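Structural features, examined
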Amino acid sequence: MNQPGHYMVRPGPEAFLPPAAASMGNALPDPGQAHINGRIVPEEEAFQEAARMFLGGTVPTIFPGPLVLWAWNEKAKKKATAIKFLYDTLKECAPAGAKPMLIPMPDYRPKYPKINPEVEINPNHPNLTIWHNKIDVCMFVGVHCHQANLSLKIIRGGTNCYTIAMCAQAGHEDACLSFRDASVEKIMYLAEWVKKLKGTVPFGALKKHVAALQTQDRAGGVRS
Amino acid sequence: MSKEKIQICEEFFDIMPPEYQALVTNATWGKEGRGWKDVGVNKELIEQHSLCAGCPESMAFRYILASLPNPEDTVMVGSTGCTSLVFPHVGIHNIHSLFGNQNAVASGLKRALTLRFPGKVKDVVVLAGDGATVDIGLDYTLQSWFRQEKFTTICFDNELYANTGGQESGLMQKGFVAKMAPMGKQFDKVRLPEIARESGCVYVVNCTVSKPSLIEKVVKNAVLIAREIGPTYLQLYTPCILEIGKNSMEGLQEMRDAEKPGERFAYKEYISDQAKAFLADVAEKEKAKKASAKEALAQA
Amino acid sequence: MDSHSIIGTKNKKGQVYTDPNHLFFEAPRIPSFFTGSEVIKEAIRRASVDLMVAYPITPQSEAAALIGELYAEGYVTDYMRGENEFGVMSECAGGSFGGARVFTTTAGPGTMRAMENFPMWSGARLPIEMIVTCRGINSPLSIQPDTLEMYFLLETGMLVWHAETAQDFYDWILMGFMVAEQPDVHLPIAICCDGFFVTHTKDVVNLTPVDMCLPPYDPYRSPVPCMDMECPPVRMMRDPFIMKSNYISYATHASWQQEVRAAIERSRKHTIPLLGGLIETENVDAEILIVSSGTAVSQGREAIRLLADEGLRVGLVKIKSLRPWPYHEIREATKHAKHIFVPEFNVAGWMARELKATVPDSDRVVAGPQVAGGMTMPPEVIVEHIQRTLGKSVATLAARGS
């Protein structure tokens, strides 16, 4: 689709009800590609960028979803191991002062009567968990795409969190950065990059990066 | 899904909220002899509910979910109404249909599950209110029975449309005054259990939910018969205490009054000969199993 | 079930599960002479459909019954006759929730009767394929072709494609499943054709080999959990009562609806390579264009030929996809035109209205000719409309006979 530029997808708070990036003209990456802020890039670039975002965050968080929390098949179990490894690597490599977290999204129903935001996140009101824990960068993995998109949009609308999607299908335009065709290998590769960049990203660098993003024009894309 | 699959990946067990840990460790999935006695001990199949305090529907929900023979392979189909407020907290897959088309959705669902999992137990249970079953959904309810679709229909009969404020429904009694029936209902309570029998249901029960052990028995029977023989129907009186002007503590007595001999919810059962023989066979097998277990224990 | 590993294996009818791109673009084609109804049957024979629910209404009754024959032959796994269209579409929903590839057909009053189901299908991300053989909507009653019903579908959140010919129809029925079932799309799709004009006339259609079929649907490559108690999470409804919960903003509900619209946008990427674009253009450098969809395009082609005989050059834009709407493609294609004519088979002139909202300088769009309720639209009527608009005085066709 020939669109002039792309709609910049960056941390919010963006709007009362932000538009879906796909409706603003953003396309999903092809195999071997990823996207950073809506811009299609070679996947390799996105691994570096994601690792940098994680290391620059104050409360970098991984949100595993039902597809990897529950041991419903062998692939899920292996992914769980890889995700735990990524989290452990993050804990080991994050600069002093950072507080990495691992918070599950156990299911998709609205929590009643009240969610405990320290313990879980939910796609119907993910902002509560983000706000409460002051999460400034997070990665979703193992969440069904529909629910992931809900979460990503609501987070972008009402919080300043940088979102990363590690997607097993075609990726997410509504995340600030998205991979596609996620696999055990890709999760491990991201962990490798986190390790590689240890010590090179000063504590709190994410804030500066996001501030720089905010100054850029939100280009392109006509709402169709 | 076999009970073995409902497990948390070990790396994540510690970070899962307590109710999910309980779902796995204390669950009665695949527990032989699970039933109403597990209510209160294991809450894995229903979380808190947002219905009124003392609501008989909420009681019925707990008994039904406790009584399903194989909850790990049961999918429910609900309809719009008070029950749909509870379904988000039910620990098995359930589908919110529109309103009235629950039996049609269940028909398609049962066929999909049968063709995808031939020879495997996959129970479908419909749970809807009286308005959804007998008024807006009557066509789809009856047609699923005509077609002999193999699933259980449960109707929570509170004799009106409760969730929308208490309007007259087909299962309301004649003369009862309610919204949209300011002069009292002009025609009799629809005899749906008899219609169910004539439409092809092989097991029909009409009763209240005052006795959890009875609910356990009829739910188990209904699901097991629907697996093998034909459609089954349970009409359960779950009065809306709000709309009949009672308070939280009075629901149980209201049901006990309504089920006295001669009253409209006195226990009534229609069962085909084939279903009857099937249940007898099941009972025989249970007895034999218990006997051999007892013997094994005695020998140990 | 891994779709990739299944390619190359055989189903129980001896058909080989074939890579879709190979099936559509490389496999040999066999020219055959069929009615549109028979074309539906031939497409579904190759589509690895799990469940079809049927109900009689003209002009799709033949097609629906022919699929029943496929079921009896073993090409469709399950099949039933529903009680009315609302019931049929609900049965389809149930089947799709349960992870089956589901197909159905309807028309006119049937579409109207089923209507409540369509936004529910989209919101629940059910990739059901529905064929709509467009016909008149009461009142008055008309079984004849009319595209008014398509307009009602445009905001259901479904994908909507409009086939012109039986060949389009055959190809798009198969391609529709492949686009609708993409994990980033995963929406119901309505493949429309004009009733009788396409369903009941015979045409040469190039079929793909009968021993090649589409790969089966994989319900776990889905953006939402399959309702079969075989995948997590177990505590799951596909339609959580968001509005009846505490601490939840209605933003969830709005975001859900936006996500459905976004999924329609995502389908462009998959649709364009299969359909060869969301529109098709001919001579769009001309000052006069005919823009439409369905058999109005066929009649437009004839009108263009007649006008060419009189020395007038007219271009053509055939719109294939109504949802997603080819906004940019249409603006690009119409940028040279001074007059854009929109022949339609409906009383509302909805296509003209959509075009007016799309192109800059919308006064260039001239609605019509429009016919409705099953009236035919002879090419001469289109010619007459164009010539009159351009200032030529022409005797009306309708007066012949006086």
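First, a word on scope: everything that follows refers to the structure included in this document. These figures come from a predicted structure and were not determined experimentally.

**What about the packing of aromatic side chains?**
- Taken as a whole and judged by the stated rule, the model has 17 aromatic pairs over all chains.
- Geometrically, the ring pair formed by Phe47 of chain A and Tyr189 of chain A is edge-to-face, given 4.8 Å between the ring centres and 85° between the ring planes. One end of the pair, Phe47 of chain A, is in helix α1 (residues 43–56); the other, Tyr189 of chain A, is in helix α6 (residues 184–196), and 142 residues separate them in sequence.
- Judged by centre distance (4.4 Å) and plane angle (10°), the rings of Tyr237 of chain B and Phe265 of chain B are stacked.

**A look at the nonpolar core**
- Counting 185 residues, the largest nonpolar core has Tyr162 of chain A together with Trp121 and Ile319 of chain C as the members making the most contacts within it.
- For this core, the leading source of residues is helix α7 (residues 212–228) of chain B, giving eight residues.
- Counting the residues that make up this core, at least three belong to each of domain 1 (16–221) and domain 2 (279–401) of chain C.
- Membership of the second largest hydrophobic core comes to 49 residues, among which are Ala27, Val49, Val179 and Ile191 of chain C.

**Quick notes on empty space enclosed by the protein**
Residue and element names in this part refer to chain C.
- All chains considered together, the criterion is met by six cavities of 30 Å³ or more.
- Its volume calculated, the largest cavity comes out at about 70 Å³.
- If you go around the largest cavity, you meet 14 residues; those closest to its centre are Thr147, His162, Ser292, Ser293 and Phe345.
- Elements with a contribution of two residues or more to the lining of the largest cavity: α11 (295–309), β15 (339–344) and α13 (350–358).
- Its residues assigned to classes, the lining of the largest cavity shows six nonpolar, six polar and two charged.

**Quick look at the interface of chain B and chain A**
- Tallying the contact residues gives 20 residues for chain B and 23 residues for chain A.
- Buried surface at the junction of chain B and chain A, summed over both partners, amounts to about 1,800 Å²; 69% is from carbon and sulfur atoms.
- Here chain B and chain A share zero salt bridges between them.
- The interface formed by chain B and chain A contains five residue pairs in polar contact (both at pLDDT 80 or more).
- A class-by-class count of the residues in the side of chain B that touches chain A yields 11 nonpolar, five polar and four charged.

**Examining the packing of helix α3 (residues 74–93) of chain A against α6 of chain A**
Residues and elements named next belong to chain A.
- Look at α3 against α6: their axes get within 9 Å of each other, and the N-to-C directions meet at 5°. Taken as axis vectors, α3 and α6 run roughly parallel relative to one another. Touching Lys78, Lys79, Ala82, Ile83, Phe85, Leu86, Thr89, Leu90, Glu92 and Cys93 of α3 are Val184, Ile187, Met188, Leu190, Ala191, Val194 and Lys195, all from α6.
- Looking at the contact of α3 with α6, its residues break down into 12 nonpolar, one polar and four charged.

Basis of the calculations
Residues numbered from 1 in each chain as written. Chains lettered and ligands numbered in written order. Predicted model: local features only at pLDDT ≥ 70, side-chain atom pairs only at ≥ 80, totals over all residues. Heavy atoms only, no water. Phe/Tyr/Trp six-rings, centres within 6.5 Å; stacked < 30°, edge-to-face > 60°. Helix = DSSP H or I, 4+ residues; strand = E, 2+ residues; numbered from the N terminus. Core = buried A, V, L, I, M, F, W, Y, C linked by side-chain atoms within 4.5 Å. Buried < 20%, exposed > 50% of the residue type's maximum accessible area, 1.4 Å probe, protein only. Domains from an automatic or database assignment. 1 Å grid on protein atoms, 1.4 Å probe; cavity = no way out; pocket = protein on both sides within 12 Å on 5 of 7 lines; lining within 4 Å. Points joined across faces, edges and corners; volume = space filled by probe spheres on them. Nonpolar A, V, L, I, M, F, W, Y, C, P; charged D, E, K, R; others polar. Contact = heavy atoms within 4.5 Å. Buried area = accessible area lost by both parts, 1.4 Å probe. Salt bridge = Lys/Arg side-chain N within 4 Å of Asp/Glu carboxyl O. Polar contact = N/O pair within 3.5 Å; in protein donor to acceptor, adjacent residues only side chain to side chain. Axes fitted to C-alpha atoms, helices over the stretch in contact; angles between N-to-C directions. Parallel < 35°, antiparallel > 145°, perpendicular 65-115°, else oblique.

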